[in-house]
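Each chain, letter by letter, is given below.
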Amino acid sequence: DRRYLEWRLKRPGGRYKVHEFRRGGVLRGIAVTTVQDKHGGRVGYVMEVLHVPDDHRAGEILLGAALDDLVASGADVALAWCLEHSPNRTTYRRLGFRSLPESVRPIELHFGVRALDAPPDAALGNRRNWYLSYLDSDTV
């Protein structure tokens, strides 16, 4: 929700840019980006693209604006986390995103989950129930 996003984007040292898309004055989606000097280059991160579920055009407009901004900021590359089953996967693919081969990934990442309630929900162990973006990372 809005309160969480505002809290998350105030991360100490974070330099995030929020792009909004409105139609008829109504917010239809947001995109969040940042550029960091990391891994031997200037890396543009698409932290998140969120839009009204049935408005994929809003997602394309937002991601396009985010990419234009990353280019203008001098990014050498644009990275995003988008799982194979994510609802915005098609939008990322349309705008040129492809999976980064493991051989050129700068770091190895592993995700895990642990239920704090007993008994653990079996749905947590199913990757298809997860949605991840760089906004979930505390290192960007």
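Keep in mind the model is a prediction, meaning the values are calculated, not measured.

Definitions and cut-offs
Residues numbered from 1 in each chain as written. Predicted model: local features only at pLDDT ≥ 70, side-chain atom pairs only at ≥ 80, totals over all residues. Heavy atoms only, no water. Helix = DSSP H or I, 4+ residues; strand = E, 2+ residues; numbered from the N terminus. Rg over C-alpha atoms; globule rule 2.2 N^0.38 Å. Buried < 20%, exposed > 50% of the residue type's maximum accessible area, 1.4 Å probe, protein only. Contact = heavy atoms within 4.5 Å. Salt bridge = Lys/Arg side-chain N within 4 Å of Asp/Glu carboxyl O. 1 Å grid on protein atoms, 1.4 Å probe; cavity = no way out; pocket = protein on both sides within 12 Å on 5 of 7 lines; lining within 4 Å. Points joined across faces, edges and corners; volume = space filled by probe spheres on them. Nonpolar A, V, L, I, M, F, W, Y, C, P; charged D, E, K, R; others polar. Pairing = 2+ DSSP bridges.

Undergrad: How do you make sense of the overall build of the protein chain when you look at a structure like this?
TA: For the protein chain, the count of helices and strands is 3 helices and 4 strands. Taking 14 Å as the expected radius of gyration for a compact globule of 140 residues, we find that the protein chain reaches 16 Å, a close match to that expectation. Viewed in the frame of its principal axes, the protein chain has a C-alpha envelope of about 50 × 40 × 30 Å. Sorting the 140 residues of the protein chain into buried and exposed places 36% on the buried side. Sequence-distant contacts in the protein chain: of pairs separated by 6 or more residues, those separated by 24 or more amount to 57%.

Undergrad: Would you take a moment to explain the pattern of salt bridges for this structure?
TA: Pairing of side chains with opposite charge becomes possible as their charged atoms draw close. If you walk through the whole model with that rule in mind, you get 10 salt bridges. Between Asp54 and Arg28 there is a salt bridge; the shortest N-O distance is 3.8 Å. Taken as a pair, Asp54 in the loop between β3 (41-51) and α2 (56-72) and Arg28 in strand β2 (residues 26-38) lie far apart in primary sequence, 26 residues in all. Under the relative-accessibility criterion, Asp54 is labelled exposed at 64%. The class for Arg28 is partly exposed, based on a relative accessible area of 22%.

Undergrad: What is the right way to read the layout of surface pockets from this model?
TA: Counted as a void, the largest pocket has a volume near 1200 Å³. As for the largest pocket, its lining consists of 38 residues, and the residues nearest its centre are Ala80, Trp81, Arg105, Leu109 and Phe111. Counting residues per element, the ones that place at least two in the lining of the largest pocket are β4 (77-80) and α3 (89-94). Of the residues in the lining of the largest pocket, the class split is 20 nonpolar, 7 polar and 11 charged.

Undergrad: Could you clarify how one ought to interpret the pairing of β2 in this entry?
TA: If a strand is regular, its side chains alternate between the two faces of the sheet. By the bridge criterion, 7 bridges tie strand β1 (residues 17-23) to β2 in an arrangement that is antiparallel. The residue of β2 that forms the bridge with Glu20 is Ile30. Counting the residues that bridge the hairpin from β1 to β2 gives 2 residues, and of these Gly24 lies at a positive phi of roughly 60 degrees. Relative to β3, β2 runs antiparallel, the two sharing 10 bridges. For Val35, the partnering residue across the bridge sits in β3 and is Gly44. A loop of 2 residues connects β2 with β3, the two strands running antiparallel in sequence, and His39 in this loop sits at a positive phi of about 55 degrees.

Undergrad: Sorry if this is basic, but what is going on with the side chain of Thr91 here?
TA: Relative to the helices and strands, Thr91 resides in helix α3. For Thr91, a relative accessible area of 3% corresponds to the buried category. Setting aside chain neighbours within four positions, we find Thr91 in contact with His56, Gly59, Glu60 and Leu63.

Just distances and angles here, no functional claims.
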